[in-house]
Amino acid sequence: MRKVISIIFKVIGWLLIIAAFSSFVAWICVPILFEEYTMKGSIFGTALTFLIGYGLRELGYKIGKPKKSEENPTIPLQNIEHDKGKSANSRKRIQWRKIILSVLLFGIFAYCSGCVDEGDSITAFMIVVYIPLYCLLFYYYVRLLWKYGKEITRTQILLLPILQKINILRDYKDDISDRKRLFSTSFYGLVLSVLCPAIISTMYYDMNHHIHEYYGICYFLLFLPIIAWIISLSKGLFYDWLLDKTSNERQNHNNS
């Protein structure tokens, strides 16, 4: 049954990936036909199709993997050279995955910055706020990817090392309450910082660079991540300040 589900997920995933890739190729190679016969929002839909297909494909491969037995079989001596070759190929595969993920990250941030050539206040907003943010996030995640590889933790993905440098979650203990605090501090800001500019860039491309009538929506989407970051970071700083104050009062009370 696991094999059947795995095959179904793989087939659906590959079909979605091929459909999305074909749509992107048509958009790049034949932009006139693509703009004439597609609806607004189709670029964003194509990207979403690719992500869903890739997720289903990976899930299919994960389900199809056989379970590891609890026994530790002895490795024959004649298989040592073969295992060394497999480990070398595995390292090469991991390097290629890191390269692909790095390019994918760059593509995501570049797509989110697509409306930077509008030449007006939106361009200034993107250059002042979002371009530096994307450069910081790109450097941070690529550095994590190449330094830790598969050993990257959820706390690192949620920017815990950066938050601790600005005195937020300094005493992180990896319990349920701290996990909730970390999630509420960084997750919403991260998601909105990518999603909102991506929506604006999609509008920019799908409307053939004419989004002047929708500037109100654009500015709302650009300010929304900033508001989310300000609220979450202020909440985190206030909570840590309150903990420090409470601990100091307890120490003074015990000393007295």
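Data block above holds the structure.
Let us look at the structure shown here. (Residues numbered from 1 in each chain as written. Predicted model: local features only at pLDDT ≥ 70, side-chain atom pairs only at ≥ 80, totals over all residues. Heavy atoms only, no water.)

What the protein chain contains, in helices and strands, is nine helices and zero strands. Reading the helices (α) and strands (β) of the protein chain from amino to carboxyl end gives α-α-α-α-α-α-α-α-α. Across the 256 residues in the protein chain, those meeting the buried criterion constitute 28%. Within the protein chain, counting contacts between residues at least 6 apart in sequence, those at least 24 apart form 70% of the total. For the protein chain, the computed accessible surface area is about 17,800 Å², with 67% contributed by carbon and sulfur atoms. (Helix = DSSP H or I, 4+ residues; strand = E, 2+ residues; numbered from the N terminus. Buried < 20%, exposed > 50% of the residue type's maximum accessible area, 1.4 Å probe, protein only. Contact = heavy atoms within 4.5 Å. Areas by Shrake-Rupley, 256 points an atom, 1.4 Å probe, with all protein chains shown as cover.)

Right, let's get into the pattern of salt bridges. On inspection of all chains with the given rule, the structure shows three salt bridges. Arg 181 is paired through a salt bridge with Asp 178; the nearest N and O atoms lie 3.6 Å apart. Residue Arg 181 and its partner Asp 178 are located together in helix H8 (residues 176-206), separated by three residues, close to a single helical turn. Residue Arg 181 is classed as buried on the basis of its relative accessible area of 15%. (Salt bridge = Lys/Arg side-chain N within 4 Å of Asp/Glu carboxyl O.)

In the structure shown here, the tally under the stated rule is eleven aromatic pairs. Arranged with centres 5.0 Å apart and planes meeting at 75°, the rings of Phe 125 and Phe 223 form a pair that is edge-to-face. Of this pair, Phe 125 sits in helix H5 (residues 121-148) while Phe 223 sits in helix H9 (residues 215-255); the two residues are 98 residues apart in sequence, bridging distant segments of the chain. By relative accessible area, Phe 125 is classed as buried at 14%. Centre to centre, the rings of Phe 187 and Tyr 188 are 5.7 Å apart; their planes meet at 75°, and the pair counts as edge-to-face. Its relative accessible area of 46% is what places Tyr 188 among the partly exposed residues. Taken together, the aromatic side chains of Phe 109, Phe 125, Tyr 130, Tyr 134 and Phe 223 make up a single cluster linked through ring pairs. (Phe/Tyr/Trp six-rings, centres within 6.5 Å; stacked < 30°, edge-to-face > 60°.)

Turning next to a positive patch on the surface. The grouping of Lys 62, Lys 65, Arg 97 and Lys 150 at the surface amounts to a positive patch. By the element assignment, Lys 150 lies in the loop between H5 and helix H6 (154-157). (Patch = residues over 30% accessible without salt bridge, like charges linked within 9 Å, V, L, I, M, F, W, Y side chains within 5 Å. Lys, Arg positive; Asp, Glu negative; His and termini not counted. Charge placed at Lys NZ, Arg CZ, Asp CG, Glu CD.)

What follows is about the packing of H5 against H9. Viewed as axis vectors pointing N to C, H5 and H9 meet at an angle of 10°, and their least axial separation amounts to 11 Å. Relative to H9, the element H5 is oriented roughly parallel. On the side of H5, the interface is formed by Ser 121, Ile 122, Phe 125, Met 126, Val 129 and Tyr 130, while H9 contributes Tyr 215, Cys 218, Tyr 219, Leu 221, Leu 222, Phe 223, Pro 225 and Ile 226. Classifying every residue of the contact of H5 with H9 gives 13 nonpolar, one polar and no charged. (Axes fitted to C-alpha atoms, helices over the stretch in contact; angles between N-to-C directions. Parallel < 35°, antiparallel > 145°, perpendicular 65-115°, else oblique. Nonpolar A, V, L, I, M, F, W, Y, C, P; charged D, E, K, R; others polar.)

Right, let's get into H9. In a regular helix each residue adds 1.5 Å, so 41 residues correspond to 60 Å; H9 covers 60 Å between its end C-alpha atoms and thus fits that length. Along H9, the residues classified as buried are Tyr 215, Cys 218, Leu 221, Leu 222, Pro 225, Ala 228, Trp 229, Ser 232, Gly 236 and Asp 240. (Expected span 1.5 Å × (residues − 1).)

On the secondary structure map, Ser 201 appears in helix H8. Relative accessible area serves as the criterion here: at 0%, Ser 201 is assigned to the buried category. Among the polar contacts made by the side chain of Ser 201, one reaches the main-chain carbonyl oxygen of Cys 112 at a distance of 3.1 Å. (Polar contact = N/O pair within 3.5 Å; in protein donor to acceptor, adjacent residues only side chain to side chain.)

Quick look at a nonpolar patch on the surface now. A cluster of nonpolar side chains, Trp 96, Ile 99, Ile 100, Val 103 and Trp 146, forms an exposed patch at the surface whose accessible area comes to about 530 Å². Position of Trp 146 relative to the elements: it lies in helix H5.

Turning next to the environment of Leu 221. With respect to the helices and strands, the residue Leu 221 is situated in helix H9. A relative accessible area of 11% places Leu 221 in the buried class. Along the chain, Leu 221 and Ala 198 lie 23 residues apart, while their C-alpha atoms are 9.8 Å from each other. If sequence neighbours within four positions are ignored, Leu 221 has contacts with Tyr 130, Cys 196, Ile 199 and Ile 200.

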